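# Fold and geometry: a report
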Amino acid sequence: MDGKNIFSGTDWRFNEFPNPPAHALYVTCVELLGLPVGPTVVANSVIDVLVKGYTVVPTGILHNWINTIGLLMAALPEAYWSVIYERMQEALGSTAMKEWVFRQSPFEMFNFKVVREAMLDRSYVTVLAIAHSIFHHFGIGQLATITDSIKEKLKPLVYTEYQLIYLCHVVGPFLNRLSVERARAVSDITLMLYELLEQVDKSQPTQQLRYMDPICDLLYHIKYMFVGDTMKTELEAIIRRLRPALQMRLRFITRLNVEEIAVDQIATGVAATRGMATVVAPGVSGGAMTSSQQSTTVSTGGWSTGAPGLVSTGAAGIAGAAGAAKQSAVGMANQNTTLQQQLQQQQNLQIGHGMQSHH
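Residues numbered from 1 in each chain as written. Predicted model: local features only at pLDDT ≥ 70, side-chain atom pairs only at ≥ 80, totals over all residues. Heavy atoms only, no water.

A few words on the overall build of the protein. When its secondary structure is counted, the protein shows 21 helices and 2 strands. Counting every position in the protein, which comprises 359 residues, the buried fraction comes to 36%. Entry remark: accessible area of the protein is about 20,600 Å², with carbon and sulfur atoms responsible for 57%. (Helix = DSSP H or I, 4+ residues; strand = E, 2+ residues; numbered from the N terminus. Buried < 20%, exposed > 50% of the residue type's maximum accessible area, 1.4 Å probe, protein only. Areas by Shrake-Rupley, 256 points an atom, 1.4 Å probe, with all protein chains shown as cover.)

Let's shift gears to the side chain of D201. Along the polypeptide, D201 turns up in helix 14 (residues 183–203). On the basis of relative accessibility, which here comes to 5%, the residue D201 falls in the buried class. Polar side-chain contacts of D201 include one of 2.4 Å to the side chain of R243. Setting aside residues no more than four positions away along its own chain, D201 makes contact with R241, L242, R243 and L246. (Polar contact = N/O pair within 3.5 Å; in protein donor to acceptor, adjacent residues only side chain to side chain. Contact = heavy atoms within 4.5 Å.)

A few words on the confidence of the model for the protein. Of all residues in the protein, 72% attain a pLDDT of 70 or more, and the chain-wide mean is 79. Segment residues 276–322 is flagged for pLDDT under 50; beyond a separation of four residues in sequence, or across chains, it makes 38 contacts in the model. (pLDDT = per-residue confidence, 0-100.)

Where helix 1 (residues 20–33) meets helix 3 (residues 62–75), the closest approach of the two axes is 10 Å, and the angle between their N-to-C directions is 65°. Crossing handedness for the pair helix 1 and helix 3: right-handed. Here L25, T28 and C29 of helix 1 lie close against helix 3, whose contacting residues are L71, L72 and A75. (Axes fitted to C-alpha atoms, helices over the stretch in contact; angles between N-to-C directions. Left-handed = near helix turned anticlockwise from the far one by under 90°.)

The next point concerns the nonpolar core. In this structure, I84, Y85, F110, F135, Y166 and L250 are the most contacted members of the largest nonpolar core, which totals 87 residues. Among residues more than four places away in sequence, those in contact with F110 are M97, W100, Y124, V125, L128, Y162, I165, Y166 and H169. (Core = buried A, V, L, I, M, F, W, Y, C linked by side-chain atoms within 4.5 Å.)

Turning next to the packing of aromatic side chains. According to the stated counting rule, one finds 15 aromatic pairs in the structure shown. Look at W100 and Y162: their rings are 5.0 Å apart centre to centre, the planes differ by 15°, and that puts the pair in the stacked class. Of this pair, W100 sits in the loop between helix 6 (95–98) and helix 7 (106–109) while Y162 sits in helix 12 (residues 161–171), placing them 62 residues apart in sequence. One aromatic cluster in this structure is built from W100, F102, F107, F110, Y124, Y162, Y166 and Y211. (Phe/Tyr/Trp six-rings, centres within 6.5 Å; stacked < 30°, edge-to-face > 60°.)

Turning to the pattern of salt bridges, a few remarks are in order. Between side chains of opposite charge, a pair can form as their charged atoms come close. In the structure shown here, the tally under the stated rule is 10 salt bridges. Residues R241 and E198 are paired through a salt bridge, measuring 2.7 Å at the closest nitrogen-oxygen approach. Taken together, the positions of R241 in the loop between helix 16 (232–239) and helix 17 (244–249) and E198 in helix 14 put the pair 43 residues apart, joining distant regions of the chain. You can call R241 partly exposed: its relative accessible area is 40%. You can call E198 buried: its relative accessible area is 15%. Among the salt bridges present, the one from R249 reaches D213, with a minimum N-O distance of 2.6 Å. Within this pair, whereas R249 is found in helix 17, its partner D213 is found in helix 15 (residues 212–227), the two being separated by 36 residues in sequence. (Salt bridge = Lys/Arg side-chain N within 4 Å of Asp/Glu carboxyl O.)

Within the fold, M231 resides in the loop between helix 15 and helix 16. For the pair formed by M231 and I253, sequence separation is 22 residues and the distance between their alpha carbons is 9.7 Å. Setting aside residues up to four positions removed in sequence, M231 forms contacts with S187, T190 and L191.

The next point concerns the side chain of S94. Mapped onto the elements, S94 comes out in the loop between helix 5 (83–92) and helix 6. Reaching out from S94, the side chain makes a polar contact with the backbone oxygen of A91 at a distance of 2.8 Å.

Below, the discussion takes up the environment of N15. By the secondary structure assignment, N15 is in the segment before helix 1. Of the residues examined, N15 reaches a relative accessible area of 29% and is grouped as partly exposed. A polar atom in the side chain of N15 sits 2.9 Å from the backbone nitrogen of F17.

See below:
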């Protein structure tokens with residue numbers, strides 16, 4: 001790890017291992033496999049060397065330690081390196097990921113350089129760095145399991161945009177390698193990201209998403225750099241189910257028109273209005289409704305049909321809004337007519353004064 005050769009007297013031309021780093025790696029793996037504890041305990045202990053002991057690791061060689069842990073975990077069997085998914089599960093399920101409590105944005109908290117230089121909380125970025133190191137040293141067989149593992153272990157935990165951003169930080173750096181070695185994996189990850197975006201959108205219908213633009217930028221990057229229009233049909237169905245603000249930002253991925261977004265938004269608003277419960281007028285209590293009135297109201301889906309003292313929030317609200325819009329339009333038209341008449345009178349007066357001065 002420090003660049004020192006501890007096998008200086010070995011003739012590598014006739015050795016089982018090709019070079020000193022490979023020899024040191026496999027010797028260390030054999031020692032870890034020989035420990036009298038289970039794989040989970042060993043793997044967690046190796047990861048905790050950096051997660052809990054980063055304060056005693058010199059800053060200049062911190063990346064060497066991260067790279068070494070990635071090499072060791074990738075060289076060990078699956079029972080060892082699969083522990084990194086459990087660590088990411090703990091990170092995604094933490095309280096801060098559900099209710100963001102940090103002053104910094106998630107892009108700053110997931111940036112290793114910013115966190116190290118500003119001495120911020122390292123619990124998230126350290127696990128993220130180790131995961132990147134392990135995935136980087138994965139072989140093609142191990143790399144093929146990333147998509148299924150994320151879908152099974154991490155996807156069910158994502159319900160906030162902070163969790164989604166963290167997961168984007170996990171898979172984003174490996175899209176280029178996956179597109180070369182396993183092109184199908186990029187398509188699966190892209191579809192999963194759209195499904196996660198819909199999952200976050202549905203879980204927070206009344207809350208505004210603060211980081212829609214960076215997330216949409218990543219989705220556009222994936223489209224133009226990796227998948228193109230090959231997934232247009234699958235993605236369009238998901239985009240149409242998102243909130244209008246996301247549809248407007250992602251409309252160029254599926255050639256979605258602004259008019260279609262507006263029509264869908266109006267249809268959603270009308271459907272929500274129709275589903276509202278009827279409002280009882282003042283002086284008429286809910287218990288004063290007769291059984292025939294209640295049955296009439298229920299059978300018409302909340303639209304009152306002649307029950308005295310009841311006002312339907314659907315038809316009455318729409319009719320009132322239409323009447324108010326009509327009155328507003330008429331008032332504006334009258335104001336415009338008055339202004340035009342005043343301007344015409346001023347022009348006539350100016351012309352008359354000009355003619356008198358000429359004579």
